[in-house]
Amino acid sequence: MPKHRAEVPSAGDWRQRTLGWRDVVATLLVLGTVVLLGVGARQMVGPFTLAHETAISLSPMALPLYVLRTIMRMLAALIASLVFTFTYATLAAKSRRAEMVLIPILDVLQSVPILGYLSFTVVFFVSVFPGNVLGPELAAIFAIFTSQAWNMAFSFYQSLKTIPADLDEASRGFRASAWQRFWRLEVPFAMPGLIWNMMMSMSGGWFFVVASEAISVGDLRIALPGVGSYVARAIQERDMAAVAWAIVAMTIAIFLYDQLLFRPMVAWADKFRFEQTAAQSAPRSWVLDVFRRSLLARRFGGSIGTFLRKAARAPIPLPRRFRPMPRRSPPGRAMGAVWYGVLALFLGYAGFELLRFVGRAPSWEDVMTAVANGGLTLLRVVVLIIFATLVWVPIGVAVGLRPKLTERVQPIAQFLAAFPANLLFPVVVYLIVRFDLSPAIWLSPLMILGTQWYMLFNVIAGASAFPGDYREAARSFRVRPWRWWRDVMLPGIFPYYVTGAVTAAGGAWNASIVAEAVSWGPTRLSAGGLGAYIAQMTEAGDYPRIALGVAVMSVLVIAMNRLLWRPLYAFAERRTRLD
């Protein structure tokens, strides 16, 4: 009789090692993804001439290719953001001197709006690849990268700073090298929060995709085929049908990459939750289940997994100057004063050279105008942060503590976070004009679209990663609801909340660029503020005032981060660690 090799699956029942429908589904998913990525990559290289602007079709039949091109740019930016996060945030968290330099720089980079980057980088990328569409493509990818990288870096930095001391001591007790600790302790501990911030980064890319693909700086006009340029032309021509088709295409795209990418990642990362008892329920993904039970996927993926495990366990030493800094060892005041002095000199020199590059220096009247507009936008940002905290912290906790509810809410939240504010312009402009409302007040809610989701996603991530044994202990002691919030849940999610609030504030500043100055066909409305100021100067190609607006925004964001968010980060590291 023929002998059959059998296996014992996780469910405990016996099955023969034969190919089945899961192998067919897994193969089709892999091949389909490879083919689509190949088609999209081939479209990103080719001849390009500034004199011949690419024609953007409003036909619904063109949307599938446009969606593919947009997703390719966003995935490329997401990969670049992940590499940036693992290097930049790790160095900032482990080196005291590097932290003094890198975190303020990250504050500056977070504060600079996308239009500020495009104003100076698009010419650079086009000149690096003359006559090739790769130049504008890299400019768009870089602009999307600037909307994705900062919250991921802050999330990873926060996780590295709040690793429980017993886990760190255990890894040192086993004499794990810095490389081994990074891949076997630090990355797994940070993974739940990082994945939720990756989802938020993907959604943030959708929010700014119009500015990234329909580039308009002074006399320079570049329209790259994609959903963003499609929406920009639909708004310009006031084509509501095209706007509706764009919403449908975005909905389908968000659903697909949620099911094929992020939902499997959330289910996979659940095993990295820090707790001593097994979770009562865990998130699931049909895609992950298919690949786990596919014979072909196990055979071909097993060798890759073995290689990655061996690479993660390699005893690679870390150079002495990059070894982790001692916990709770703040830099000396003298060193801090020297650093801030050097930073002030560098910023002054950089500003002087920038003004020499862009032309004449702005007058004091221009400076006062920019500062006044900055104060107005700062007021809006503070109000929106308070509003988002009151609304989304309770909702995020309720969702994060229920994995089944998280599965249902996640795609909805991703779609709402990804929904470009530009698609609401027709309704907002019509209502403001129709009822003679004040743009300064009624355009402000558009900034919420760039604010609330960062906080919601991080709170959900914090509640999802909250140890189940802590919740069971609180339930056993019959802790009252108000004390449960004060003594259990709010301290548990506080580091995640601070990360969400920091990135939410940065998202609100960036959203001001598109929310404070809107248009629908020939109708243009301005709410005033620094975002409207920068948008107006960018459209006019006034580089000195663009630089002035970006500088004022950077100073305001840095001041807010140093006076508010940095102390809260330090408090979270000292008082709310899961030790």
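Please read all numbers here as calculations on a predicted model, not as lab measurements.

**Details of the overall build of the protein**
Across its full length, the protein carries 22 helices and six strands. Evaluated residue by residue, the protein yields a buried proportion of 52% over its 579 residues. Sequence-distant contacts in the protein: of pairs separated by 6 or more residues, those separated by 24 or more amount to 82%. Accessible area for the protein stands at about 28,000 Å²; split by element, carbon and sulfur atoms hold 67% of it.

**Thoughts on the environment of Val459**
Looking at the element boundaries, Val459 is found in helix 18 (residues 452-465). For Val459, a relative accessible area of 0% puts it in the buried group. Measuring from C-alpha to C-alpha, the distance between Val459 and Ala398 comes to 9.6 Å, with 61 residues separating the pair along the chain.

**Side note on a nonpolar patch on the surface**
There is a patch of nonpolar side chains on the surface, built from Trp245, Val248, Ile252, Phe255, Leu256, Leu260 and Trp286 and spanning about 700 Å² of accessible area. Within the fold, Trp245 resides in helix 10 (residues 240-269). For Trp245, a relative accessible area of 43% puts it in the partly exposed group.

**Topic: the nonpolar core**
Ranked by size, the top nonpolar core spans 139 residues in total, and within it Phe84, Phe156, Trp206, Phe262, Val381, Leu443 and Met455 carry the most contacts. With 18 residues, helix 20 (residues 481-515) is the single largest residue contributor to this core. Non-local contacts of Phe84, meaning those with residues more than four positions away in its chain, are made with Ala89, Leu106, Phe145, Ala149, Trp150 and Ala153. Core analysis: the second largest hydrophobic core is formed by nine residues, Val126, Ala139, Ala140 and Leu224 among them.

**Considering the environment of Glu99**
Tracing the backbone through its elements, the reader meets Glu99 in helix 3 (residues 96-111). On a C-alpha basis, the gap between Glu99 and Ala89 in space is 8.8 Å, while along the polypeptide they are ten residues apart. A distance of 2.4 Å separates polar atoms of two side chains, one belonging to Glu99 and the other to Tyr157.

**What about the side chain of Thr146?**
The topology assignment puts Thr146 in helix 5 (residues 134-161). From its side chain, Thr146 meets the backbone oxygen of Ala143 in a polar contact 2.5 Å long.

**Some details on the pattern of salt bridges**
According to the stated counting rule, one finds ten salt bridges in the structure shown. With a closest N to O distance of 2.5 Å, Arg69 and Glu137 form a salt bridge. Highlighted residues: Arg69 in helix 2 (residues 63-94) and Glu137 in helix 5, separated in sequence by 68 residues. Per residue, the accessibility class of Arg69 equals that of Glu137, and both read buried. One salt bridge connects Arg545 with Asp366, and the closest N-O pair in it is separated by 3.0 Å.

**Some remarks on the confidence of the model for the protein**
In the predicted model, the protein carries a mean pLDDT of 78, and 81% of its residues have values of at least 70. The weakest mean pLDDT in the protein belongs to strand 1 (residues 6-7) at 44; the strongest belongs to helix 2 at 91. Within the model, pLDDT remains below 50 along residues 1-8, and this stretch shows 13 contacts once partners closer than five positions in the same chain are excluded. Of the regions scoring below 50 in pLDDT, residues 320-331 engages in 27 contacts with residues more than four places distant in sequence or in other chains.

**Some remarks on the packing of helix 5 against helix 20**
In contact at an axis separation of 10 Å, helix 5 and helix 20 are set at 160° when each is read in the N-to-C sense. If you check the angle between helix 5 and helix 20, you find them roughly antiparallel. Regarding helix 5 and helix 20, the two cross each other, and that crossing is right-handed. Here Asn151, Phe154, Ser155 and Gln158 of helix 5 lie close against helix 20, whose contacting residues are Pro495, Tyr496, Thr499, Val502 and Thr503. A breakdown of the residues in the contact of helix 5 with helix 20 according to their chemical character gives four nonpolar, five polar and no charged.

**Remarks on helix 10**
Structural remark: α-helix, 3.6 residues per turn; residues separated by three or four positions point the same way. Along its 30 residues, helix 10 runs 41 Å from first to last C-alpha, staying within 8% of the 44 Å computed at 1.5 Å per residue. Where helix 10 bends most, at Asp258, the angle is about 45°. In this structure Asp239 caps helix 10, since a side-chain oxygen of it lies 3.2 Å from the backbone nitrogen of Ala241.

**Overview of the packing of aromatic side chains**
The tally for this structure, following the rule as stated, stands at 19 aromatic pairs. When the centroid spacing of 4.9 Å and the interplanar angle of 85° are considered together, the rings of Phe182 and Trp183 count as edge-to-face. Phe182 gets classed as buried once you look at its relative accessible area, which sits at 9%. Grouped by ring-pair contacts, the aromatic residues Phe84, Tyr88, Phe125, Phe142, Phe145 and Trp150 constitute a single cluster. We note Arg434 situated over the ring of Phe435; from NZ or CZ to the ring centre the distance is 5.3 Å.

**Notes on the side chain of Gln180**
Inspection of the secondary structure puts Gln180 in helix 7 (residues 178-207). We classify Gln180 as buried; its relative accessible area is 14%. In this structure the side chain of Gln180 is engaged in a polar contact, spanning 2.9 Å, whose partner is the backbone nitrogen of Ser177. Leave out the neighbours within four places in its chain, and Gln180 touches Arg175, Leu185, Ala312, Arg313, Ala314 and Pro315.

Basis of the calculations
- Residues numbered from 1 in each chain as written.
- Predicted model: local features only at pLDDT ≥ 70, side-chain atom pairs only at ≥ 80, totals over all residues.
- Heavy atoms only, no water.
- Helix = DSSP H or I, 4+ residues; strand = E, 2+ residues; numbered from the N terminus.
- Buried < 20%, exposed > 50% of the residue type's maximum accessible area, 1.4 Å probe, protein only.
- Contact = heavy atoms within 4.5 Å.
- Areas by Shrake-Rupley, 256 points an atom, 1.4 Å probe, with all protein chains shown as cover.
- Patch = residues over 30% accessible without salt bridge, like charges linked within 9 Å, V, L, I, M, F, W, Y side chains within 5 Å.
- Salt bridge = Lys/Arg side-chain N within 4 Å of Asp/Glu carboxyl O.
- Core = buried A, V, L, I, M, F, W, Y, C linked by side-chain atoms within 4.5 Å.
- Polar contact = N/O pair within 3.5 Å; in protein donor to acceptor, adjacent residues only side chain to side chain.
- pLDDT = per-residue confidence, 0-100.
- Axes fitted to C-alpha atoms, helices over the stretch in contact; angles between N-to-C directions.
- Parallel < 35°, antiparallel > 145°, perpendicular 65-115°, else oblique.
- Left-handed = near helix turned anticlockwise from the far one by under 90°.
- Nonpolar A, V, L, I, M, F, W, Y, C, P; charged D, E, K, R; others polar.
- Expected span 1.5 Å × (residues − 1).
- Bend = angle between axes of the 7 residues up to and from the residue.
- Phe/Tyr/Trp six-rings, centres within 6.5 Å; stacked < 30°, edge-to-face > 60°.
- Lys NZ or Arg CZ within 6 Å of the ring centre and 35° of its normal.

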